[in-house]
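Results of the structural survey
Spelled out, the chains give:
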Amino acid sequence: MIHLILFGPPGAGKGTQAQSLVDYFKFMHISTGDLLRGEIAAKTELGLEAKRFIDAGELVPDETVIGMIKNLLDRICTVPGVIYDGFPRTVAQAIALDTMLTSCKEGITALLSLEVPHDELVKRLLLRGESSGRTDDADVATIENRITVYGQKTQPLIDYYTKLKKYHPIEGVGSVEEISARLISKVKSL
Ligand code: C5P
Ligand code: MG
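Quick look at the structure, then. Everything numeric here is computed off the predicted structure, so don't read it as measured data.

Observations concerning the environment of Leu-48
Relative to the elements of secondary structure, Leu-48 occurs in helix α3 (residues 45-55). It is 26 Å that separates the C-alpha atoms of Leu-48 and Ile-76, two residues lying 28 residues apart in sequence.

Quick look at the structure:
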């Protein structure tokens, strides 16, 4: 079975492109950001706790997001393919995912990393903030903090998956369709 991580900084287009891949390959889509926003909307305890981190542009603690993935493990282990969007975001999350997948004799197929320059990320996120109302896209300081946190905590995953020969950079600038085509042809070549 296929397990693809769609990777990149905030604003790289992970959510948009995950949807393209899901439409094309009919894989299961797991967006931890969407799951967290769902918890916030439902005003659960987990959501209220997570909101503080998200609004500050920080990461929600590892045990919380790992727990959300664990809750989906029965399905993750039985569907033909999964696209992980926004997870893992730390090396601890990557190790936990490897352990969970090993428990059902599965493993990560590839990490597809959308490469987008810094200024383009900020531009895209500010635009998205205007239309989506996402609190973490509303101001430049929070956006810059998220990009800094990405550099400190998430970018080290590139090393982690490079060592496993699973890292695949993808040019993330262009039209949505152009980028989808690059991703789809990469997935077919795996
Ligand atoms: O993935 P997405 O950008 O939609 O996530 C929105 C926010 O949710 C992140 O900026 C972060 O605060 C939080 N998040 C997290 N850990 C994850 C996924 C999302 O802390 N694995
Ligand atoms: Mg997203």
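There's more to say after this.
Regarding the pairing of strand β4 (residues 110-115)
With 5 of its 6 residues buried, β4 lies for the most part within the structure. Pairing of strand β1 (residues 2-7) with β4 involves 4 bridges; the strand directions are parallel. Residue Phe-7 lies in a different strand from β4, and its bridge partner there is Ser-113. Note: β4 against strand β5 (residues 167-171), 5 bridges, orientation parallel. Residue pairing in the sheet places Ser-113 in a bridge with Pro-169 of β5.

A short note on the nonpolar core
Of all hydrophobic cores here, the largest spans 31 residues; its most connected members are Ile-5, Ile-30, Ile-76, Tyr-84 and Leu-97. Put simply, the parts of the chain that give this core at least two residues each are β1, β2 (28-31), α3, α4 (62-71), α5 (73-76), β3 (81-85), α6 (91-103) and α9 (156-163). Broken down by element, the residue count for this core peaks at 5 residues, all from α6. The contact partners of Tyr-84, leaving out residues within four places of it in the chain, are His-3, Leu-4, Ile-5, Leu-6, Ile-30, Ile-76, Leu-97, Leu-101 and Ile-108.

Some details on the sheet that holds β2
Spatially, 5 strands are ordered β2-β3-β1-β4-β5 in an open sheet, and the strand pairing comes out parallel. The two strands at the open ends of the sheet, each matched to only one other strand, are β2 and β5. Taken over all neighbouring pairs, the strand axes of this sheet differ in orientation by 20° on average, direction set aside. For β2 and β3, the ladder comprises 4 bridges, and the chain directions are parallel. Opposite Ser-31, over in β3, you have Asp-85 as the bridge partner.

Some remarks on the packing of aromatic side chains
For the structure on display, the rule yields 4 aromatic pairs. Here the aromatic rings of Phe-7 and Tyr-150 are separated by 5.9 Å at their centres, their planes lie at 45°, and the arrangement is tilted. Residue Phe-7 is found in strand β1, and its partner Tyr-150 is found in helix α8 (residues 140-154); the two are separated by 143 residues along the sequence. With 4.8 Å between their ring centres and 70° between their planes, Tyr-24 and Phe-25 make a pair best called edge-to-face. When its relative accessible area of 41% is taken as the criterion, Tyr-24 is described as partly exposed. A relative accessible area of 22% means that Phe-25 is categorised as partly exposed. A network of ring pairs unites the aromatic residues Tyr-24, Phe-25 and Phe-27 as a single cluster.

Comments concerning the state of the cysteines
Cysteine pairs can be linked by a disulfide, which is a covalent bond between their two sulfur atoms. Enumeration according to the criterion identifies 1 disulfide in this entry. Here Cys-77 is linked by a disulfide to Cys-104, with a sulfur-sulfur distance of 2.1 Å. The chirality of the disulfide connecting Cys-77 with Cys-104 is left-handed, given an S-S dihedral of about -75°. Here Cys-77 is found in the loop between α5 and β3, whereas its partner Cys-104 is found in the loop between α6 and β4, with 27 residues between them in sequence. Taking relative accessible area as the criterion, Cys-77 reaches 16% and is therefore assigned buried.

Structural notes on the environment of Gln-93
Locating Gln-93 in the fold gives a position in helix α6. Each C-alpha atom of the pair Gln-93 and Ile-66 lies 6.4 Å from the other, and the pair is 27 residues apart in sequence. Those residues in contact with Gln-93 that sit more than four places away from it in its chain are Val-60, Asp-62, Val-65, Ile-66, Phe-87 and Pro-88. At 2.8 Å, the side chain of Gln-93 and the side chain of Asp-62 are in polar contact.

Criteria and cut-off values
- Residues numbered from 1 in each chain as written.
- Chains lettered and ligands numbered in written order.
- Predicted model: local features only at pLDDT ≥ 70, side-chain atom pairs only at ≥ 80, totals over all residues.
- Heavy atoms only, no water.
- Helix = DSSP H or I, 4+ residues; strand = E, 2+ residues; numbered from the N terminus.
- Buried < 20%, exposed > 50% of the residue type's maximum accessible area, 1.4 Å probe, protein only.
- Pairing = 2+ DSSP bridges.
- Core = buried A, V, L, I, M, F, W, Y, C linked by side-chain atoms within 4.5 Å.
- Contact = heavy atoms within 4.5 Å.
- Axes fitted to C-alpha atoms, helices over the stretch in contact; angles between N-to-C directions.
- Phe/Tyr/Trp six-rings, centres within 6.5 Å; stacked < 30°, edge-to-face > 60°.
- Disulfide = S-S within 2.5 Å.
- Polar contact = N/O pair within 3.5 Å; in protein donor to acceptor, adjacent residues only side chain to side chain.

Honestly, it's all geometry; don't read function into it.
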